[in-house]
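Examining the three-dimensional arrangement
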Amino acid sequence: MPSVDAALQMVKSLGQGKRKQSVVIARHNLKQLFEGTPLHKWYTSGKYKGGYELVNIADGLRLAVLFKYGGTYLDTDMISIKAVPDSHLLGSAAYEDENKLNNAAMSFPA
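First, a word on scope: everything that follows refers to the structure included in this document. Since this is a predicted model, take the numbers as computed values, not measurements.

Turning next to the pattern of salt bridges. When the charged atoms of two side chains with opposite charge come close together, those side chains can pair. Evaluation of the coordinates by the stated rule reveals one salt bridge. Note that Arg62 and Asp59 form a salt bridge whose closest N and O atoms lie 2.9 Å from each other. Pair noted here: Arg62 and Asp59 are both in helix H4 (residues 53-69), with a separation of three residues, about one helical turn. Residue Asp59 is classed as partly exposed on the basis of its relative accessible area of 24%.

Structure (structure tokens):
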């Protein structure tokens, strides 16, 4: 697995020439990132720890970043056959069934 520094170098090289840089890799302090979000208590309690700690943290980070900064997230296996206007996604999340949300597609206002 490449290091963060190697990944940053790769992203910088993508921004050279005619291509525009569209990916940013940044280091974050998890405690600070979760502060001010509904997930702060979840993070500080350690409830994410267990058999799926990395998956839980990744899911939590995705939500915290969208909550704080806004934007749209789609899993890489989500396929749209037509462009979807931002107004159709804003403030939305996918659901798995009537009792569970799914984080494969989410959009939060900036």
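On we go.
Here we come to the side chain of Ser107. Positionally, Ser107 belongs in strand S3 (residues 100-108). Judged by its relative accessible area of 3%, Ser107 is buried. Within the structure, the side chain of Ser107 is placed 3.1 Å from the side chain of Thr72, a separation counted as a polar contact. If sequence neighbours within four positions are ignored, Ser107 has contacts with Gly71, Thr72, Leu89, Leu90, Gly91 and Ser92.

Definitions and limits used
- Residues numbered from 1 in each chain as written.
- Predicted model: local features only at pLDDT ≥ 70, side-chain atom pairs only at ≥ 80, totals over all residues.
- Heavy atoms only, no water.
- Salt bridge = Lys/Arg side-chain N within 4 Å of Asp/Glu carboxyl O.
- Helix = DSSP H or I, 4+ residues; strand = E, 2+ residues; numbered from the N terminus.
- Buried < 20%, exposed > 50% of the residue type's maximum accessible area, 1.4 Å probe, protein only.
- Polar contact = N/O pair within 3.5 Å; in protein donor to acceptor, adjacent residues only side chain to side chain.
- Contact = heavy atoms within 4.5 Å.

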